[in-house]
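Results of the structural survey
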Amino acid sequence: MSLMQTYRRQPVAFVEGRGALLFDSSGREYIDLLGGIAVASVGHAHPKIAAAIAEQSAKLIHTSNLFENPIQAALADKLAELSGGMSSFFCNSGAEAIECALKLARKWGSVNKSPDAIEIVATEGSFHGRTFGALAATGQPAKQEPFAPMLTGFRHVAFGDIDALSGVVGDKTAAVLLEPIQGESGVVVPPDGYLAEARELCDRHGALLILDEVQTGMGRTGKWFCYEHSGVAPDVVCLAKALAGGLPIGACLAAPSVAETFVPGDHGSTFGGGHVQSAAALAVIDVIESEGLCDRAAFLGERMAKALGALFDGCEVRGAGLLIGVDLGAPLAERLRAEALQRGVIINDPTPSVIRFAPPLVIEETEIDRALDVLQEVWDEIKPA
Ligand code: PLP
């Protein structure tokens, strides 16, 4: 085997896609309710994304960040317009967007607060990525233990518990880092008001609020950014996944007063915000806007959550927009996922008892209905008596 064995891969290889459909080499069709884990928001092989990538790659692919890049600048302007004026740093993944946010927060805390104000408060069950800083921030000891010791300066408290958060945020806190909804640990939604209270706590202690919108951003939950549902304005926002429609990109956005903490030489990336990724991201944003995909995610999400509630009667259905988790109440998620795949429907199982849905936002209502009929069939076979 010439590949490192870091994944438990499922026994299918897709060779083509269209919207929310994927096809294997025999031409068999699958309905994709996962979207490459919340990446293919504008659907597979969207003609506008394909054209943007083809046109830009035929003109120029790479020049490095030593030179002006007007396409990257246009993407930063567009993200500023969507985020209320934030400044962007571009990288290549979610983990890298988090690394950038962590470095920014540490420098900001030590310069603006006190030299030892470098702590990051994150939450249990969170997922922020696999690189060392992002892994230290991730609140999952099982993922950290094989790679100990972790980077120091991180504290973890229960997610959704404002009292636990207020117990640790203080003079040494540079930033609080939160996912508005925890995706990888099973689509865990905090109580109403949690983000607003976290914002208030950060303001009281002069700490930054960093929101990891790697999974929830770019329209997934029915708004450009999930934080918009709560009316909270974060200081820093991390994006990746859906931003360039499947090409590798990450972005760390920060309010200008925070962004100016970085000076030339503080951070960088060879590939970050390259011409092709930036052109793809601009095309993705254009498609989300022109096809009304934020509203579509909200509408379809509500419809789908209702249908899932009926299908998985008695199970908890949670999430926002088209990021939905169903807690089966028993460790049946892997079996459900495998049986569904055999019958042509793609979902995933972030935890033993939770299945997750993050379909392309362009999915047709009829495709959702067909997929749910399949899930109904499987669930009827495997659900506890
Ligand atoms: N943050 C969140 C909330 C994520 O869901 C993920 C990936 O699943 C990451 C960060 C890491 O992103 P990447 O895999 O692109 O490094």
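Notes on the structure in this doc start here. In this text, all values refer to a predicted model and were calculated from it rather than measured experimentally. The residue count restarts for each chain, going from 1 along the sequence in the order it is written. Reporting in this predicted model follows two pLDDT cut-offs: at least 70 for local features of residues, and 80 or more for side-chain atom pairs to be given and counted; totals over whole chains, interfaces and linings ignore these cut-offs and use all residues. Neither water nor hydrogens contribute to the side-chain values; these are computed over all heavy atoms in the structure.

Considerations on the pattern of salt bridges
What counts here: Basic side-chain nitrogens of Lys or Arg form a salt bridge, by our definition, when they fall within 4 Å of a carboxyl oxygen of Asp or Glu. Numbering goes from the N terminus for both helices and strands, where a helix is a DSSP run of H or I of at least four residues and a strand is a run of E of at least two.
Counted under the stated rule, the structure contains 19 salt bridges. Where Glu119 meets Arg155, a salt bridge forms, and the shortest distance between an N and an O atom there is 3.7 Å. A residue pair is termed long-range when its members are at least 10 positions apart, and Glu119 in strand β5 (residues 119-123) and Arg155 in strand β6 (residues 154-157) qualify at 36 residues. With its nearest N and O atoms 3.0 Å apart, the salt bridge here joins Glu200 to Arg204. Here Arg204 and Glu200 lie together in helix α8 (residues 194-205), a separation of four residues that amounts to about one turn.

What about the site of the ligand?
The following threshold applies: Any residue with at least one heavy atom within 4 Å of a molecule or strand is counted as near it. Pairing of N or O atoms within 3.5 Å defines a polar contact, subject to two protein rules: one partner must be a possible hydrogen donor and the other a possible acceptor, and residues neighboring in sequence count only if both atoms are side-chain atoms. Accessible surface area values rest on a Shrake-Rupley calculation with a 1.4 Å probe, where residue burial reflects the displayed protein chains alone.
Around the ligand, the structure places Ser93, Gly94, Ala95, Phe127, His128, Gly129, Glu179, Glu184, Asp212, Val214, Gln215 and Lys241. For the ligand, an oxygen atom lies 2.8 Å from a polar atom in the backbone of Gly94. Gln215 is positioned with one of its side-chain polar atoms (N or O) 2.8 Å from an oxygen atom of the ligand. Here the ligand loses 81% of its free accessible area of 390 Å² to cover by the protein chains.

Observations regarding helix α4 (residues 94-112)
For clarity, the threshold we go by: What a helix should span is 1.5 Å times the count of its residues minus one. Exposure categories follow from relative accessible area, calculated using a 1.4 Å probe and restricted to protein chains: below 20% of the type maximum is buried, above 50% is exposed, and the middle band is partly exposed.
The first and last C-alpha atoms of α4 sit 26 Å apart over 19 residues, in line with the 27 Å expected at 1.5 Å per residue. Those residues of α4 not exposed but buried are Gly94, Ala95, Ala97, Ile98, Glu99, Cys100, Ala101, Leu102, Leu104, Ala105, Trp108 and Gly109.

Quick look at unusual backbone geometry
In the segment running from Ala148 into Pro149, the intervening peptide bond is cis, with an omega of 0°. Here Pro149 lies in the loop between α6 (141-144) and β6. Notably, Lys241 is not glycine yet its phi reads approximately 30°, a positive angle. Secondary-structure assignment places Lys241 in the loop between β9 (236-239) and β10 (250-254).

Here we look at the layout of surface pockets
As a reminder, the rule being used: Here a cavity denotes grid points, spaced 1 Å and computed from the protein atoms alone, that fit a 1.4 Å probe unable to get out, and a pocket denotes an open set having protein on both sides within 12 Å along at least 5 of 7 lines; residues with an atom within 4 Å of a point are the lining. Grid points are joined across faces, edges and corners, and a volume is the space filled by probe spheres set on the points. All residues other than Ala, Val, Leu, Ile, Met, Phe, Trp, Tyr, Cys, Pro, Asp, Glu, Lys and Arg, Gly among them, are scored as polar; the first ten of these are nonpolar and the last four charged.
Counted as a void, the second largest pocket has a volume near 280 Å³. As for the second largest pocket, its lining consists of 14 residues, and the residues nearest its centre are Asn65, Phe67, Asn69, Gln72 and Phe90. When residues of the lining of the second largest pocket are traced back to their parent elements, those giving at least two are α3 (70-83) and β4 (87-91). Tallied by class, residues from the lining of the second largest pocket come to six nonpolar, seven polar and one charged.

A closer look at the packing of helix α12 (residues 333-342) against helix α13 (residues 365-382)
For any two helices packed against each other, the geometry comes down to the angle between their axes and how far apart the axes lie. The following threshold applies: Lines fitted to C-alpha atoms define the axes here, with helix axes fitted over just the stretch in contact, and angles between the N-to-C directions of these axes take values from 0 to 180 degrees. Orientation labels follow simple angle bins: below 35 degrees gives roughly parallel, above 145 gives roughly antiparallel, 65 to 115 gives roughly perpendicular, and whatever is left gives oblique. What makes a crossing left-handed is the near helix being turned counterclockwise from the far one by less than a right angle; a clockwise turn instead makes it right-handed. In what follows, residue pairs with any heavy atoms lying within 4.5 Å of each other are defined as contacts.
Contact geometry of α12 with α13 gives a least axis separation of 10 Å together with a crossing angle of 135°. Considering the angle they form, α12 stands oblique to α13. When you trace α12 past α13, the crossing you get is right-handed. From α12, Arg335, Leu336, Glu339 and Ala340 reach across to α13, where they touch Leu375, Val378, Trp379 and Ile382.

Observations regarding the packing of aromatic side chains
As a reminder of what qualifies: Ring pairs shown here join Phe, Tyr and Trp side chains whose ring centres sit within 6.5 Å, with only the six-membered ring taken for Trp; geometry is labelled stacked below 30 degrees between planes, edge-to-face above 60, and tilted in between.
Evaluated as defined, the whole model comprises four aromatic pairs. Ring plane angle 80° and centroid distance 5.6 Å describe the contact between Phe159 and Tyr194, whose orientation is recorded as edge-to-face. Within this pair, whereas Phe159 is found in the loop between β6 and α7 (162-168), its partner Tyr194 is found in helix α8, the two being separated by 35 residues in sequence. Take Phe159 and Tyr194: they sit in the same class, and that class is buried.

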